Amino acid sequence: MSELNCRHFTGYKPCGLSENCTPQCSQRSLVKTRILVVHLEALGAVLRTTSILPAIVRKYPGAHITWVTQKPADQLLKNNPLIDRILTTERDDLLTLGALSFDVAFCVDKSLKASGVLKLTTSKQVFGFVVNKNGVIVPANIQAEELWQLGLSNHKKFFVNKKPETQLLVEAFNLGPFQRDPYVLGLDENEQQHVRHRRLEWSSNSEVIVGINTGCSPTIPYKKFTVEFHRHLISRMLDFPKIKIVLLGGPEDTERNSQIAYKLPVVNSLTTRGLRDGLCSVAACDLIITGDSLGMHMGIALKKWVVAWFGPTCAHEIDFYQRGEAILTRSSCSPCWRRSCHKNPMCYDLVAIDDLMQAVAKGINCLTSSSKPLLSGTSFLASP
């Protein structure tokens, strides 16, 4: 008799781990709790929320985890060792979701769309956020009240709260004592090979590879420096011995990076090959300079030394795990979370370049004085 409750059982073909599906199979892994995570956006936030996975597994041993997100965030979850099934909001995936049921669901997004995804399936227990009969987002459980209230008060969010978002999520989902679990991110062997080749291509003399993530999402476009500021920063950084500077970014940064790189001795990395290739580029670096963006979360997930500057957003919400520093703008109106602003000077104009240089120097010193190799280990799974 086949083992119907094995996490590898498909019901229509061999799982690929064993030739015979029986209770005696050495690869058998029985599912005790079926878990749903709904987190649709934004990209960096989805990557950060992978930090709740170890806590879920501790509270629910034998958990089978399904994660629903929007494209292209699913690419950031690919190869994750703690996620059993990744679904998107595409039609076919939502049809699949409608065939499933769960013991526990965690809804991260405070949005009607995410609550709509929950409505397509059944869950015995829901943590996080749901929509009430009036179409209003409310906490699904009492522990989520604090995180809900922070979203309703700029004063509490900006000045009262001192907890990182990773802690707020664990507490909101009632996942036990906060243990400061890392992001969980996996690169497969082919991707790890790309990382090794990229390092050799960029740095043949064992320099410290400093990646500068130059862009950000269009949601809050003020989380990136000007072209002129980037060029000035690079010119200053060229005084550091034995470093190689690489420009990072997405397709929207291609032309801008060319302007930044003009007549400067930097590597202008390819920016049009997708998120997984972007992860490889970040993984090939030792130190990342970035705004509060996806590039920052990639650097944290891949255990890089991260120097991140903050203007519109809240630095205290980010945990660098003792591998980086936050540089705050000197603008008096920060943080604000505004999506539109026309002040002069802007918050990015009021980031002190000397503060950035000191944080980069500290990171280089930590990296070069460490007995560990600059390139993180072979598993590429984030850990403190």
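Calculation criteria
- Residues numbered from 1 in each chain as written.
- Predicted model: local features only at pLDDT ≥ 70, side-chain atom pairs only at ≥ 80, totals over all residues.
- Heavy atoms only, no water.
- Buried < 20%, exposed > 50% of the residue type's maximum accessible area, 1.4 Å probe, protein only.
- Helix = DSSP H or I, 4+ residues; strand = E, 2+ residues; numbered from the N terminus.
- Arc of directions from axis to C-beta.
- Contact = heavy atoms within 4.5 Å.
- Core = buried A, V, L, I, M, F, W, Y, C linked by side-chain atoms within 4.5 Å.
- Axes fitted to C-alpha atoms, helices over the stretch in contact; angles between N-to-C directions.
- Parallel < 35°, antiparallel > 145°, perpendicular 65-115°, else oblique.
- Left-handed = near helix turned anticlockwise from the far one by under 90°.
- Nonpolar A, V, L, I, M, F, W, Y, C, P; charged D, E, K, R; others polar.

(A) Highlighting helix α11 (residues 254–261). Looking only at α11, the buried set comprises Arg 256, Asn 257, Ile 260 and Ala 261. Here the buried residues of α11 occupy an arc of 135° about the axis, which is enough to place them on one side. Among the structural elements, α10 (227–237), β8 (243–248) and β9 (267–268) are those in contact with the buried residues of α11. Count one or two residues on from α11 and you reach Lys 263, which has phi positive near 60°.

(B) The arrangement of the nonpolar core in detail. Met 237, Leu 287, Ile 289, Val 307 and Leu 356 are the most contacted members of the largest nonpolar core, which totals 36 residues. Sorting the residues of this core by element identifies β7 (208–213), α10, β8, α11, β10 (287–291), β11 (305–310) and α14 (353–369) as the ones contributing at least two each. Looking at which element gives the most residues to this core, the answer is α14, with seven residues. Grouped together as the second largest cluster of nonpolar side chains are 32 residues, Ala 283, Cys 285, Phe 310 and Ala 315 included.

(C) Structural detail: the packing of helix α9 (residues 189–202) against helix α12 (residues 275–283). The geometry of α9 relative to α12 is characterised by a closest axis approach of 8 Å and an angle of 50° between their N-to-C directions. Taken together, α9 and α12 sit at an angle that is classed as oblique. Crossing of α9 over α12 shows right-handed handedness. Of α12, the residues touching α9 (which contributes Glu 191, His 194, Val 195, Arg 198 and Trp 202) are Arg 276, Asp 277, Cys 280, Ser 281 and Ala 283. By residue class, the composition of the contact of α9 with α12 is four nonpolar, two polar and four charged.

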